[in-house]
Amino acid sequence: MSDNVVDLPIPGATKTRVDTTAEVVGKSARVKKRLTSRTATVVALVIAVLWTLPTFGLFISSFRPAGLISTTGWWTIFQNPGFTLDNYQEVLFSTSQSSPQLGAYFVNSLAIAIPATLFPLVIAAMAAYAFAWIKFKWSGALFVLIFALQIVPLQLALIPLLQMFTQFLRPGQEWIHSIIPMIPEQGYLPVWIAHTIFALPLAIFLLHNFISEIPGEVIEAARVDGASHGQVFFRIVLPLAVPALASFAIFQFLWVWNDLLVALIFSGGTQDVAPLTQRLAELTGTRGQDWQRLTAAAFVSLVVPLIVFFSLQRYFVRGLLAGSTKG
Amino acid sequence: MTTADLLGKIIQVVAALAAFSLVIGLVLFLIDKAPKRGRDYWQLAFFLLPALILLAVGLIYPAFRTSLLAFSNSSGEWVGGENFVWMFTQPAALVTLGNTIIWVVVVPILSTAIGLAYAMFIDKSRGEKYFKALVFMPMAISFVGAGIIWRFVYDYKSGDNAQIGLLNQILVWFGAEPVQWLQTSPINTFLLIVVMIWIQTGFAMVICSAAIKGVPTEQIEAAQLDGTNPWQRFTNVTLPGIRGSLVVVITTISIATLKVFDIVRTMTAGNFNTSVIANEMYTQAFRAGEQGRGAALAIVLFLLVLPIVIYNVRVLRQQREIR
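Residues numbered from 1 in each chain as written. Chains lettered and ligands numbered in written order. Predicted model: local features only at pLDDT ≥ 70, side-chain atom pairs only at ≥ 80, totals over all residues.

## Remarks on the overall build of chain A
Piece 1. Helix and strand counts for chain A come out as 15 helices and zero strands.
Piece 2. Across the 327 residues of chain A, 45% fall into the buried class.
Piece 3. Taking as baseline every contact in chain A between residues at least 6 positions apart, the subset at least 24 positions apart corresponds to 70%. (Helix = DSSP H or I, 4+ residues; strand = E, 2+ residues; numbered from the N terminus. Buried ≥ 20, exposed ≤ 12 C-beta atoms within 10 Å, placed from the backbone. Contact = placed C-beta atoms within 7 Å.)

Okay, here's the thing in structure tokens:
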């Protein structure tokens, strides 16, 4: 900058003054900018801390001995140190009547969520393919109808659906139980079916968006070569639709895993069927002050979604954005 | 859980998955072998019918049944609009409606505001990814889990016992008396709302952040050259640029809020004047045996959600056309 000053024909003194004022303006602007961005950073930090602290406190507490949890705050952990895995041991594996026995419910959550993700995925992919690539009368109107079904809150279907299940599904389940006694009368079937039905409108809509974007030449070429719709669907469409399928599958899996309402109504609430969420809700009702159990139990239920969240974040976000109006 | 129980569960899942794939595989095989004439119709039926039947039996028919149920009492007799009269006259039911309105006004506005502010503040900062993950994480957690996390924050210990809930401890540090938060109306409704905001802010933040990054840098730089301050740039350039996304965020959160059930169920079970429509619907229909009232509440919920969804869909479609 000083070189410039020397080279310029304008008297040096004036130039320097101009330069310094420009510098002052620049500096004050920079300081101002830094200040605003500094307050912004501080506010962002405060929000981040506020949003993390509740989970963090629960997490710390789940490793503290029962006596300490109920008498001292988790923020005093350095004054009242203590570390134990007993809480997890107790909620998961203890067989005593009073313990939450979460092991069984954890298995239930998995046993509900996996089929309740796969069933609607396959059925919806098939329907989406039909709407996208098989020409038939009423195709457009029917698709709009299914799209419109997304606005029906599932609350609207619960009561009659439960009545139908007890009327028609129950005898079948009892019959299966009489043949294979290992399978309880109250099985997973009603929960699977309910979740499948409630997932369909959204799933068909999402997968149709994706499947209809597949280049028509690919499918027509296969059709001309004599491939049936079934072959086209399994050999061409499904492999190409993997990203959409994955996004929906993750969204649906988490939705089912975290669901409470459908479980409450269709599972019957026993150890045979009820998922973790239902057991947790029950525990907060009956043992709302047993924090050594509740903290550990809550984390047992959070582990799976958090793993999915951190390992598949991109798919997770995509699925979430697409399915945010479900329910 | 005994080994036999576990085995029974595994058998159920494996058998169900096997039966499902077997049926689909078999029907597909048979259809491929069907006579050439009419094969296309068989194929169409195979692809479409499972979904259509499930939706017709499991969603459309029940929705109509519920609409009828809403006009009958617990023993199934036709009572006309009595259930709706009950809803809009009984003090307890009115509290439920009022709470729902508070929820649906407060949650979308606050979570969107906080989410947008946070997205602006961390935009292009170092460690943006981690900042996002922290606030977005509650989205992955179940409402039940969130309910337990926050019950712990609101916990109350009487007398001279040390507080273990953070909120009461903060009061104590400032020399105030601890409060039984969840039992004290009307503050308890707002404390439940905090939980919902805590969850939904992450959603608002992620969408707003994506939208902010979509605003052309040239526009912002041009505004900067014109000598505007950051706030003016935000209100005049960024905000109009992300208007569509904001509408989607607010409507989406409103819909989710109208249907909120798990949080209320876990934290207060709707006691102490905290009930909302979705929770009351469950309580009436499946706990109190008042199916008519439950159905009527479900209808009201549907009518409340309907305009928001339609608006949401229209905005989404406009956005797609612009793109």
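## Things to note about the overall build of chain B
Piece 1. Counting its secondary structure elements, chain B contains 14 helices and zero strands.
Piece 2. Each helix (α) and strand (β) of chain B, taken in turn from the N terminus, gives the series α-α-α-α-α-α-α-α-α-α-α-α-α-α.
Piece 3. The C-alpha atoms of chain B give a radius of gyration of 26 Å, which is well past the 20 Å a tight globule of 323 residues would have.
Piece 4. Each principal axis of the C-alpha distribution contributes one length, and for chain B these read about 75 × 60 × 55 Å.
Piece 5. Within chain B, the fraction of its 323 residues that count as buried is 43%. (Rg over C-alpha atoms; globule rule 2.2 N^0.38 Å.)

## Notes on the packing of helix α13 (residues 276-286) of chain A against helix α14 (residues 291-311) of chain A
Any two packed helices are characterised by the angle at which their axes cross and by the distance between the axes.
Residues and elements named next belong to chain A.
Piece 1. Their axes nearest at 10 Å, the elements α13 and α14 cross at an angle of 165°. The orientation of α13 relative to α14 falls into the category roughly antiparallel. Note on packing geometry: the crossing formed by α13 with α14 is left-handed. Contacts from L276, T277, L280, L283 and T284 in α13 reach R293, L294, A297, A298, V300 and S301 in α14. (Axes fitted to C-alpha atoms, helices over the stretch in contact; angles between N-to-C directions. Parallel < 35°, antiparallel > 145°, perpendicular 65-115°, else oblique. Left-handed = near helix turned anticlockwise from the far one by under 90°.)

## Focus on the domain arrangement of chain A
Piece 1. Each assigned domain of chain A is listed with its residue range as follows: domain 1 (2-62) and domain 2 (90-322).
Piece 2. Counting residues at the interface gives four residues for domain 1 of chain A, matched by five residues for domain 2 of chain A. (Domains from an automatic or database assignment.)

## Focus on the domain arrangement of chain B
The extent of an interface is frequently quoted as the accessible surface area lost upon association of the parts.
Piece 1. Domain boundaries in chain B define domain 1 (3-69) and domain 2 (82-322).
Piece 2. One C-alpha centre belongs to domain 1 of chain B, the other to domain 2 of chain B; they are set 37 Å apart.

## Observations concerning the interface of chain B and chain A
Piece 1. Listed per partner, the contact involves 90 residues of chain B and 87 residues of chain A.
Piece 2. Sort the elements by how many residues they give to the side of chain B that touches chain A and helix α1 (residues 3-32) of chain B lands first, with 16 residues.
Piece 3. Its residues assigned to classes, the side of chain B that touches chain A comprises 66 nonpolar, 16 polar and eight charged. (Nonpolar A, V, L, I, M, F, W, Y, C, P; charged D, E, K, R; others polar.)

## Digging into the UniProt feature "domain: ABC transmembrane type-1" (unreviewed entry) in chain B
Piece 1. With numbering matched to this structure, UniProt assigns "domain: ABC transmembrane type-1" (unreviewed entry) to residues 97-312 of chain B.
Piece 2. Across residues 97-312 of chain B, helical content stands at 73% and strand content at 0%; the span's end C-alpha atoms are separated by 23 Å. (UniProt positions renumbered as here; feature names shortened; annotations may be inferred.)

## Points about the environment of V106 of chain B
Residue and element names in this part refer to chain B.
Piece 1. Checked against the element boundaries, V106 lands in helix α4 (residues 91-122).
Piece 2. Residue classification places V106 among the partly exposed positions, given that 17 C-beta atoms sit within 10 Å.
Piece 3. Considering only alpha carbons, one finds V106 and I122, 16 residues apart in sequence, at a separation of 24 Å.

## Points about the UniProt feature "transmembrane region" (unreviewed entry) in chain B
All names here are of chain B.
Piece 1. The UniProt entry lists residues 6-31, 43-64, 101-121, 133-153, 190-212, 242-261 and 295-313 under the feature "transmembrane region" (unreviewed entry), expressed in the numbering used here.
Piece 2. For the annotated span residues 6-31, helix accounts for 100% and strand for 0% of the residues, and the straight-line distance between the end C-alpha atoms is 38 Å.
Piece 3. Split by type, residues 133-153 is 71% helix and 0% strand. Its first and last C-alpha atoms lie 22 Å apart.

## Overview of α4 of chain B
Because an α-helix completes one turn every 3.6 residues, residues spaced three or four positions apart along the sequence face the same direction.
Piece 1. Along its 32 residues, α4 of chain B runs 46 Å from first to last C-alpha, staying within 8% of the 46 Å computed at 1.5 Å per residue.
Piece 2. Where α4 of chain B ends, the next residue or the one after it, K124 of chain B, has phi of about 65°, a positive value. (Expected span 1.5 Å × (residues − 1).)

## Looking at the nonpolar core
Piece 1. Ranked by internal contacts, the top residues of the largest apolar core, which has 179 residues, are A124, A127, Y129 and L207 of chain A.
Piece 2. Those residues in contact with A127 of chain A that lie beyond four places of it in its chain are I204 of chain A together with F47, L48 and A51 of chain B. (Core = buried A, V, L, I, M, F, W, Y, C linked by C-beta atoms within 7 Å.)

## Details of unusual backbone geometry
Piece 1. Note the cis peptide between S185 of chain B and P186 of chain B, where omega equals 5°.
Piece 2. As for its placement among the helices and strands, P186 of chain B is situated in the loop between α7 (166-173) and α8 (187-214).
Piece 3. Of note in this structure, Q101 of chain A is not a glycine but carries a positive phi near 50°.
Piece 4. Looking at where Q101 of chain A falls in the secondary structure, it is placed in the loop between α4 (86-93) and α5 (102-133).

## So, the confidence of the model for chain A
Any region with low pLDDT has predicted coordinates that should not be read closely.
All names here are of chain A.
Piece 1. Mean pLDDT over chain A stands at 82; residues scoring 70 or higher make up 86%.
Piece 2. Of all the helices and strands in chain A, helix α1 (residues 2-7) carries the lowest mean pLDDT, 35, while α5 carries the highest, 93.
Piece 3. The low-confidence segment residues 1-24, where pLDDT is below 50, has six contacts with residues more than four positions distant or belonging to other chains. (pLDDT = per-residue confidence, 0-100.)

## Re the environment of T117 of chain A
Residue and element names in this part refer to chain A.
Piece 1. As for its position among the elements, T117 is in helix α5.
Piece 2. We classify T117 as buried; it has 23 C-beta atoms within 10 Å.
Piece 3. Taking the C-alpha atoms as reference points, T117 and G172, separated by 55 residues in sequence, lie 23 Å from one another.
Piece 4. Apart from the residues within four sequence positions on either side, T117 is in contact with A249, Q252, F253 and V256.

## Side note on the environment of F203 of chain B
All names here are of chain B.
Piece 1. Mapped onto the secondary structure, F203 falls in helix α8.
Piece 2. Residue class for F203 comes out buried when judged on the 24 C-beta atoms lying within 10 Å of it.
Piece 3. Put simply, F203 and I253 are 50 residues apart on the chain and 8.6 Å apart in space, counted from C-alpha to C-alpha.

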